[in-house]
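Report on the structure
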Amino acid sequence: MAMSDTGITRPAAQQAGMPMLHKIIFLVLLVFLAVLPFMVYPVFAMKLMCFALFAAAFNLLLGFGGLLSFGHAAFFGSASYVAAHAAKVWGLTPELAVLSGTVAAAILGLAIGALAIRRQGIYFAMVTLAFAQMVYFVALQAQFTGGEDGIQSVPRGDLFGLISLRDNVSLYFFVLAVTFGGVLMLYRIVHSPFGQVLKAIRENEPRAISLGYNVNRYKLMVFTLSATFAGLAGATKSQVFQLASLTDVHWTMSGEVVLMTLLGGMGTIFGPLVGAAIIVTMQNYLATFGAWVTVIQGVIFVIGVMLFREGIVGVIARWIKRPL
Amino acid sequence: MFELLGIPPQALLGQLLLGLINGSFYAVLSLGLAVIFGLLNIINFAHGALYMMGAFVAWMLLNYAGIGYWPALILAPLIVGVFGIVLERLMLSRLYHLDHLYGLLLTFGLALIIQGLFRNYYGISGLPYRIPDALSGGYNLGFMFLPKYRGWVVVASLVVCFGTWFMIEKTRLGAYLRAATENPVLVGAFGVNVPLMIMLTYGFGVALAGFAGVLAAPIYSVNPNMGADLIIVVFAVVVIGGMGSIMGAILTGYFLGLIEGLTRVFYPEGSAVVIFVIMAIVLLFKPEGLFGRAA
Amino acid sequence: MLRKLALGTALGALAAGGALAQDIDVKLGVLNDRSGVYADIAGEGSVVATRMAVEDFKAAEKGLNVEVISADHQNKPDVGSNIARQWYDQDGVNAIVDVPTSSVALAVAQITADKNGVFLASGPGSTELTREQCKPTTIHWTYDTAALANGTGKAVTEAGGKKWFFLTADYAFGHSLEENTSNVVKESGGEVVGSVDVPFPATDFSSFLLQAQSSGADVIGLANAGGDTINAIKQASEFGITQAGQKLAGLLIFINDIHALGAQTAQGLQMTSAFYWDTDDETRDWSARFEEQMNKKPSMVHAGVYSAVMHYLGAVEATGGTDGDQIAAWMKENPYEDALMGQVQVRGDGRAVHDMYLFEVKTPDESEGEWDLLKKVSTIPGDQAFLPMLDECDFTKE
């Protein structure tokens, strides 16, 4: 699908290391996140970081791969189930539980991706939706997922068998390390030669083919990577909340991550993080308004599509004339 | 009598008939989506919300204005259609030059807004809407008891679906429409008001959703979420039938109703997912859909 | 995010003529569904019921500064557990009240035990709360699926409905409801001729009802809840199933559901409840006060919230503190009685034992008002209504 006619500013190729501006932003972000648990409720801050990573992973596929998946909840949710199961039933330590969830998402991503990338545009979106619905069905029916109740009371365990994560603050820094590391890795992928080829494919697929690139292999790789990082986010979330539930695999979760990415600015590095932060904060602080949250989300969607197709960060990037 | 996998043939016949009834809703809804997609290239995610709106408008007409079922069957789709036209003029019309995905995202947002608003004002429990007197009761068909109203649903949907198909594929107006989507500039040059035509088409597609909503009001409770999950299924129906194929959408709607009905007998737990399995298979092996032209 | 309501802090200081015996801050968090399927049976009504209890307990005069806050868990365990944690960790909440939807309730029970609060469960139905996942600080007050099964299942079977067919909502709650009821039916001399797992949520039940019809069962047991039950009952009437002689047994139905269906459609349906507003003068008075604020009659969940909060406040007064383990222990040691729930004794596993009642929905002729919907058929004594206590869940023995 050609997303190039959308007027989104495309960052110029960044071949030589990370530009100073990005370094500064990452540094400021890291400092901010290090003091955040002492300012707001740590569990809320952790939720925020998990969704930021989820949105960033999704953005790798949509913003840089040009592929709209409508079924990313499948990877987020299944990783969350596997990680919860691993920690609770197999008694694995948190880092191994998260790892097993992530691996599960990667395998699932590879399998679904191999089938889905054979289609384009809206058909691609529909194939991913179809598979996500099947994953949801399995989550509802399978024994180990606990059906409607989900997997509850997942123990928090000891990191590497040594450091107790029962305390919110120590867990927070574990989550910070995982999600921040994840986002940095995504950054690295986007700015690698692989990322450049992706960009070429997104801009002009026939041309990339004529240059001798095996387009499908690249698409499958980016799909799998995106699924893997989405899984990393989901697996981490299950350790934070100590549960995995159907919410994580439902199609509305797939819709939410699209919203976050779109709102923040797809195809930007920092956009999805901003989008996730806004949506999660909104859900948290507007919870008492009940259905109004849905209305407000809808309004943001509409305004975003009508007026800010570049997203918040995209607009800022245009103002300061620097890629963000 | 012989039995098929332990199910007596009479019971199976009953289940098939019920499948056909559900298929009627799929057919009318997917027809609306297909009309909009085929002629406007917009994937209308708000279709489920507008279907729900149709049911609510019927309920409001009855409770606030004392207008009964039969006038509502005409009025509610009109009101929903006009509402759709407003949306088209204000928002959708500004997105035609962009990728399909923006239309999808916009209508997704609209669906959230519409459903959220109704949920705020009418709660979630659902509101009762009585079956009109002329259609209460039913027929004993021997193998099952068929409520008159369900029979009416099948008849009404068949009439509307094939009427629409005829209008688009066989009349002059339909020919203009099809031509306008192929080459709007050329058709405009012949003196046809293309934007007006597109606007009315969207209004019509949306009115079909409203019509399905009124049909559904007496048998399912009128509630703000009634379209939320249905929309995903109807999407699948359109994709399976072939995006933009009018006849494909209609036939697939009835066909999938039947398949779903059979699944409910042989593997009831799977009836919510069977359509997605079929969609995945169709997309992988015949991506243009069962009735679609190769893209 | 939370609606706050400071009750009587100022009043308490002024009203006391003599010296206050004690001065304790108590914060109650009402956590339930405020926008989804359970918004009517729980929702804002449970907040109102909590406030009424605080008022009637005369908390301020007794030196308790009670604050009530509330939030919407949207029926999502992750949202609910997030709020519960935040309440205990940050907002100084001492007890969480209500929590319909079993998946959320199970998560809250765990967190409450970790944080040494008290969980006054009125909305959820899962027996797991006092069995597989029992916690010393969980008080399961109003009903559970076993009590509903015992009430409706037993009464209907003994009244001649021997052959049962279940329409089961295909998730944990539905299956446990079916299992509980099947056991009761078999114990009472009935048999289960079949069942069908219906995807949840569903709008069209016709296919499943037809299967139930051709099974030749006397009774169709509806092991589902909320909108699913309403739709199933409506469609059973549409397809002439009830008219043809098969009976419907709703296993989890609230007065609000009957109200939504209307007496015309629901007449003759039997259901089990812990409370009905039109029982005696006291319940009518209490319900009228509730109705003034909510414009509808209270459900058994609302009544249960009221009683549970009353008993909890009694425990706070008696123990002079808000320590979760101590309060829960006190609530189990001391019986409680009021007009809404009758005599209540909380068992060692946290199960509040009280009588349950079997009701039948009135016919339109019998019904004299919008809410005049039920007539009592029989009383199920508390010791028969609930499952026996599991030994490993008896937290009172050391």
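Up top is the structure.
What comes next is a walk through the structure. (Residues numbered from 1 in each chain as written. Chains lettered and ligands numbered in written order. Predicted model: local features only at pLDDT ≥ 70, side-chain atom pairs only at ≥ 80, totals over all residues. Heavy atoms only, no water.)

1. Details of the sheet that holds strand β14 (residues 352–353) of chain C
Residue and element names in this part refer to chain C. The 3 strands lie next to each other as β12-β13-β14, forming an open sheet whose pairing is antiparallel. Either end of the sheet is taken by a strand with one partner, and the two such strands are β12 (336–338) and β14. As paired strands, strand β13 (residues 342–346) and β14 are joined by 2 bridges and run antiparallel to one another. Of the residues in β14, the one forming a bridge with V346 is A352. In this fold helix α11 (residues 300–319) packs onto β12 and β13, with an angle of close to 135° to the strand it touches most, β12. (Pairing = 2+ DSSP bridges. Helix = DSSP H or I, 4+ residues; strand = E, 2+ residues; numbered from the N terminus. Contact = heavy atoms within 4.5 Å. Axes fitted to C-alpha atoms, helices over the stretch in contact; angles between N-to-C directions.)

2. As for the interface of chain B and chain A
With 41 residues of chain B in contact, the opposing surface of chain A contributes 41 residues. Carbon and sulfur atoms make up 80% of the surface buried where chain B meets chain A, a total of about 3,800 Å² over both sides. Taken as a group, Y102(B), L105(B) and L284(B) account for 18% of the area that chain B buries against chain A, more than any other trio of residues on that side. Our enumeration of links across chain B and chain A arrives at 0 salt bridges. Summed over the shared surface of chain B and chain A, the result is 3 residue pairs in polar contact (both at pLDDT 80 or more). (Buried area = accessible area lost by both parts, 1.4 Å probe. Salt bridge = Lys/Arg side-chain N within 4 Å of Asp/Glu carboxyl O. Polar contact = N/O pair within 3.5 Å; in protein donor to acceptor, adjacent residues only side chain to side chain.)

3. A word on the nonpolar core
Counting residues in hydrophobic clusters, the biggest one holds 327 residues, and the most contacted among them are W141(C) and Y312(C). At 19 residues, the largest contribution of residues to this core is made by helix α2 (residues 42–64) of chain A. If near-sequence neighbours (up to four positions away) are discounted, Y312(C) is found in contact with V26(C), L28(C), N94(C), A95(C), V118(C), L120(C), T322(C), I327(C) and M331(C). With 20 residues, the next largest nonpolar core counts A84(C), W87(C), V93(C) and A109(C) among its residues. (Core = buried A, V, L, I, M, F, W, Y, C linked by side-chain atoms within 4.5 Å. Buried < 20%, exposed > 50% of the residue type's maximum accessible area, 1.4 Å probe, protein only.)

4. Some remarks on the packing of aromatic side chains
One pass over the structure, following the stated rule, counts 37 aromatic pairs over all chains. Considering the side-chain rings of F301(A) and F108(B), the 5.1 Å spacing of their centres and the 70° angle between planes classify their relative orientation as edge-to-face. Of this pair, F301(A) sits in helix α12 (residues 292–307) while F108(B) sits in helix α4 (residues 100–122), placing the two residues on different chains. Here F301(A) matches F108(B) in class, with each residue buried. Here the aromatic rings of F45(B) and F235(B) are separated by 5.1 Å at their centres, their planes lie at 70°, and the arrangement is edge-to-face. One end of the pair, F45(B), is in the loop between α1 (9–40) and α2 (47–65); the other, F235(B), is in helix α9 (residues 230–241), with 190 residues separating them in the sequence. Owing to a relative accessible area of 3%, F235(B) belongs among the buried residues under this scheme. Among the aromatic side chains, those forming a connected cluster through ring pairs are F70(A), W251(A), F301(A), F45(B), F108(B) and F235(B). If you follow R309(A) out to its NZ or CZ, it ends over the ring of Y102(B), 6.0 Å from the centre. In this arrangement the basic side chain of K62(C) is found over the ring face of F57(C), its NZ or CZ atom lying 3.9 Å from the centre. (Phe/Tyr/Trp six-rings, centres within 6.5 Å; stacked < 30°, edge-to-face > 60°. Lys NZ or Arg CZ within 6 Å of the ring centre and 35° of its normal.)

5. Some words on the interface of chain B and chain C
At the junction of the two partners, chain B supplies 25 residues and chain C supplies 24 residues. Overall, the association of chain B and chain C removes approximately 2,100 Å² of surface from exposure, summing both partners, and the carbon and sulfur fraction of that is 54%. Across the chain B-chain C interface, the total number found is 3 salt bridges. A salt bridge links D204(C) to R150(B); the nearest nitrogen and oxygen atoms lie 3.1 Å apart. On the surface where chain B and chain C come into contact, there are 7 residue pairs in polar contact (both at pLDDT 80 or more). No other element matches α1(B), which puts 4 residues into the side of chain B that touches chain C. For the side of chain B that touches chain C, the per-class residue count stands at 13 nonpolar, 7 polar and 5 charged. (Nonpolar A, V, L, I, M, F, W, Y, C, P; charged D, E, K, R; others polar.)

6. Section: the pattern of salt bridges
A full pass over the atoms with the stated rule returns 25 salt bridges over all chains. Between E291(C) and K297(C) there is a salt bridge, with the nearest N and O atoms lying 2.6 Å from each other. The class of K297(C) is buried, set by a relative accessible area of 8%. In this structure, the salt-bridge partner of K362(C) is D372(C), at a minimum N-O distance of 2.7 Å. Of this pair, K362(C) sits in the loop between β15 (356–361) and β16 (374–380) while D372(C) sits in the loop between β15 and β16; the two residues are 10 residues apart in sequence, bridging distant segments of the chain. Linked through salt bridges whose partners overlap, the residues forming this network are R150(B), E260(B), R264(B), D204(C) and E238(C).

7. Concerning the environment of V219(C)
Residues and elements named next belong to chain C. The topology assignment puts V219 in strand β9 (residues 219–223). By relative accessible area, which is 1% here, V219 ends up buried. In sequence terms V219 and V79 are 140 residues apart; their C-alpha atoms lie 38 Å from each other. Once you skip the residues sitting within four places of it in the chain, V219 turns out to touch V156, G161, K163, W164, F165, K247 and A249.

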